[in-house]
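Structural characterization, general
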Amino acid sequence: MTQQEIIVTAVCLLAAYFVGGIPFGYLIGRMRGVDVRTVGSKNIGATNVFRTVGKKWGLLAFTCDFLKGFLPTFAVRHFVDGPSWLPLAVGMMCVAGHMLTPFMRFKGGKGVATAFGMLVALVPALVGFAFLVFAVVFALSHYISLGSCSAAIFLGVAVWFRIPALGSPGWVGDKPLCVLMTLLAAFVVFKHRANIGRLARGTENKIYLFGSSKK
């Protein structure tokens, strides 16, 4: 890489981290008079906003978190001349920013919506199947955390194979990309460790899109 390419790459990665770090869930909650860090799961992500502030505000938080993963990744993929791994790295920095936001003492959300946006920009067909996995698991269980972890695991495995029917990118020839994707999936599951513990104990909150939330 030339010096100019190194500078451009560094700027893209740093900018992606700070964009990803914008705590939309927290900001939306404060606009409605709720500090989401003190209610529900105490998480600043869209699910907690959905549960504690309201469904439409949760959907707004999800959309904002999605876009902060999608837009930087899409822009770098299509408009920046850099190494093949740069769009994925930028997307992962957006996710890292969301999970470890510099604006909230490096405490953040679980990265699902932001990772979803990044992946739509990179591998839209594969994400469609991952979303189907999420939707089926969520519809059957009413646990967003279980659906999110199932979709993350699916993506972490699928990127290692070239499966045209699933829109798999076939990155098996570029193992660093596969490793990065698998690490991202593992980190998303790790961030759900408290939810996994509640699932095991049977105390995780269920969410009903067309009804009231129940335990």
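In the block above lies the structure referred to throughout.
Each value, and the rule that gives it
Residues numbered from 1 in each chain as written. Predicted model: local features only at pLDDT ≥ 70, side-chain atom pairs only at ≥ 80, totals over all residues. Heavy atoms only, no water. Core = buried A, V, L, I, M, F, W, Y, C linked by side-chain atoms within 4.5 Å. Buried < 20%, exposed > 50% of the residue type's maximum accessible area, 1.4 Å probe, protein only. Helix = DSSP H or I, 4+ residues; strand = E, 2+ residues; numbered from the N terminus. Phe/Tyr/Trp six-rings, centres within 6.5 Å; stacked < 30°, edge-to-face > 60°. Salt bridge = Lys/Arg side-chain N within 4 Å of Asp/Glu carboxyl O.

**Points about the nonpolar core**
In this structure, Leu88, Met118, Leu119, Met181 and Leu184 are the most contacted members of the largest nonpolar core, which totals 27 residues. Where this core is concerned, the elements lending two or more residues are α5 (86-99), α6 (112-122), α7 (124-141), α8 (144-158) and α9 (175-191). By size, the runner-up hydrophobic cluster in this structure holds eleven residues, among which are Val36, Ile44, Val49 and Met104.

**Here's the deal with the packing of aromatic side chains**
Throughout the structure, instances matching the rule amount to eleven aromatic pairs. Judged by centre distance (6.5 Å) and plane angle (70 degrees), the ring pair of Phe74 and Phe79 falls under edge-to-face. For Phe74, a relative accessible area of 32% gives the class partly exposed. The class of Phe79 is exposed, set by a relative accessible area of 66%.

**Section: the pattern of salt bridges**
Throughout the structure, instances matching the rule amount to four salt bridges. A salt bridge links Arg37 to Asp35, with the nearest nitrogen and oxygen atoms 3.0 Å apart. What makes Asp35 buried here is its relative accessible area of 15%. Members of the salt-bridge network, linked through shared partners, are Arg30, Asp35 and Arg37.

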